Amino acid sequence: MKKRKIKISDIIFVVFILLLIIPQTRTPIQVAVNKLKVAIWSPSIEDEEDQNEVTPFQYAVVDLQGETQSISVGKGKVTFISYWATWCPPCIAELPGIQELYKDYGDKVNFVLLTQEEPERVQRFIEKRGYELPIYFPQMQTPEILQENSIPTNYVIDATGKIIIKETGAADWNSKKIRNLLDELIEK
């Protein structure tokens, strides 16, 4: 009978699997893996013939302070919509990039970050990480064209309602490509 040698790579693999099984270490590992994806993955711009168009509408939402608002989508201003959650590792991984983008484009682009979670939980999450993002809770059915079963799902919608980007999963929203696109859309 031949004796099998244990390699260091086998030990690392077993430790990694064990860490994924333990609830306290699972989320940080998943966030780290998604941060790697964010570091190399910039959202894709839809080919012009594949761009869907959203009928302009008013998004009925409530903000973190409990104020009801109505945000115009597809009517006169570029809109960035993000469907996300505090418990979602890909969402957590891409939020720093969205925060950076918001800092520079928040006055020129409608940023609408939507979640279905409890406002208190979201507030704690945002404060703990020092984010200053426009977070809302939808008060209406999501238009069918924007419905997706996974989070994060993010959209860049131009001032006429064309969906220029629809991206599911973690991505680098603070990339030069996205900034150039927003600059171009704002100029139109």
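What counts, and where the lines are drawn
Residues numbered from 1 in each chain as written. Predicted model: local features only at pLDDT ≥ 70, side-chain atom pairs only at ≥ 80, totals over all residues. Heavy atoms only, no water. Helix = DSSP H or I, 4+ residues; strand = E, 2+ residues; numbered from the N terminus. Buried < 20%, exposed > 50% of the residue type's maximum accessible area, 1.4 Å probe, protein only. Contact = heavy atoms within 4.5 Å. Areas by Shrake-Rupley, 256 points an atom, 1.4 Å probe, with all protein chains shown as cover. Axes fitted to C-alpha atoms, helices over the stretch in contact; angles between N-to-C directions. Parallel < 35°, antiparallel > 145°, perpendicular 65-115°, else oblique. Left-handed = near helix turned anticlockwise from the far one by under 90°. Nonpolar A, V, L, I, M, F, W, Y, C, P; charged D, E, K, R; others polar. Pairing = 2+ DSSP bridges. Right-handed = clockwise from strand over helix to strand, strands pointing away.

Comments concerning the overall build of the protein
At step 1: From N to C terminus, the protein includes five helices and seven strands.
At step 2: What you see in the protein, going N to C, is helices and strands ordered as α-α-β-β-β-α-β-α-β-β-β-α.
At step 3: Counting only C-alpha atoms, the protein reaches 75 × 40 × 30 Å along its principal axes.
At step 4: Counting all 188 residues of the protein, 43% fall into the buried class.
At step 5: In the protein, the proportion of contacts linking residues at least 24 apart, taken out of those at least 6 apart, comes to 68%.
At step 6: When the accessible surface of the protein is totalled, it reaches about 11100 Å², and 54% of it is carbon and sulfur.

Some remarks on unusual backbone geometry
With the exception of glycine, the majority of residues adopt a negative phi angle, and the majority of peptide bonds are in the trans configuration.
At step 1: The peptide bond linking Ile 151 to Pro 152 adopts the cis configuration, its omega dihedral lying at -5 degrees.
At step 2: Tracing the chain through its elements places Pro 152 in the loop between strand E5 (135-138) and strand E6 (153-157).

Comments concerning the packing of helix H3 (residues 89-105) against helix H5 (residues 176-187)
At step 1: H5 packs onto H3 with a crossing angle of 30 degrees between their chain directions and a minimal axis gap of 12 Å. Comparing their axes, H5 and H3 come out roughly parallel. The way H3 lies across H5 gives a crossing that is right-handed. Of the residues in H5, those in contact with Glu 100, Leu 101, Asp 104 and Tyr 105 of H3 are Ile 178, Arg 179, Leu 182, Asp 183 and Ile 186.
At step 2: Here the contact of H3 with H5 is built from residues that sort into five nonpolar, no polar and four charged.

What to know about the pairing of E5
At step 1: Here E5 shows a buried face lined by Ile 135 and Phe 137 and a second buried face lined by Tyr 136 and Pro 138.
At step 2: Here strand E1 (residues 57-63) pairs with E5 via three bridges, running antiparallel. Residue pairing in the sheet places Val 62 in a bridge with Phe 137 of E5.
At step 3: Strand direction decides the pairing type here: strand E4 (residues 110-114) and E5, joined by two bridges, are parallel. When the sheet's bridge partners are listed, Leu 114 is paired in E5 with Tyr 136.
At step 4: Of the crossover connections in this fold, the one passing from E4 over helix H4 (residues 119-129) to the parallel E5 is right-handed.

Some thoughts on the sheet that holds E1
At step 1: Strands sit in the order E2-E1-E5-E4-E3-E6-E7 across an open sheet of seven strands; the sheet is mixed. Edge strands, defined here as strands with exactly one partner in the open sheet, are strand E2 (68-73) and strand E7 (163-168). Pairs of neighbouring strands in the sheet enclose a mean axial angle of 30 degrees, with direction left out of account.
At step 2: Relative to E7, E6 runs antiparallel, the two being bridged by five bridges. Paired with Tyr 155 across the strands is Lys 166, a residue of E7.
At step 3: The strands touched by H5 within the sheet are E6 and E7, with E7 carrying the most contacts at an inclination of about 150 degrees.

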